Amino acid sequence: MTIKPLFDKIVVEAVESEEKTAGGLFLPDSAKEKPQSAKVLAVGPGGTVDGKEVTMQVKVGDVILYNKYAGSDFKLDGKEVTILKQSDVLAVIVD
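Reading guide: rules and limits
Residues numbered from 1 in each chain as written. Predicted model: local features only at pLDDT ≥ 70, side-chain atom pairs only at ≥ 80, totals over all residues. Heavy atoms only, no water. Helix = DSSP H or I, 4+ residues; strand = E, 2+ residues; numbered from the N terminus. Pairing = 2+ DSSP bridges.

K.L.:
Quick question: what am I supposed to make of unusual backbone geometry here?
P.N.:
Most of the time, phi is negative for any residue but glycine, and the peptide bond is trans. Unlike most non-glycine residues, Asp50 shows phi in positive territory, near 55 degrees. Examined against the element boundaries, Asp50 turns out to sit in the loop between strand E3 (47–49) and strand E4 (52–54). Even without being a glycine, Asp77 presents a positive backbone phi close to 55 degrees.

Written out as structure tokens, the structure reads:
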């Protein structure tokens, strides 16, 4: 299935967090927090949003950091994805 976000929305897939702590202890799923980094799967076209012109700054394949409670979670083709506004993106991780 292909998804095409509208306006200033982006679709991301969470990047898996570490399974153990720095001290070597393994974390159960219930102890893990929601990931705050994700890979961009799809990007909307931008345009006029709430009377302001929005130019998209992220592109497909970027790894981003975003607000912890941002966006809405969905299941798409068996994968957990999040749809969020570009304004919820805090930074793009550059290698």
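K.L.:
Can you help me understand the pairing of strand E7 (residues 79–85) in this one?
P.N.:
Within a regular beta strand, the side chains point alternately toward one face of the sheet and then the other, so they alternate between its two faces. Sheet topology note: the strand E1 (residues 9–14)/E7 ladder contains four bridges and is antiparallel. Considered in E7, the bridge of Lys9 is made with Lys85. As paired elements, strand E6 (residues 72–76) and E7 share five bridges and run antiparallel to each other. Its bridge partner being in E7, Phe74 is matched across the sheet by Val81. Where E6 folds back onto E7 in an antiparallel hairpin, the turn is made up of two residues, including Asp77, whose phi is positive at roughly 55 degrees.

These values are about where atoms sit, not about what they do.
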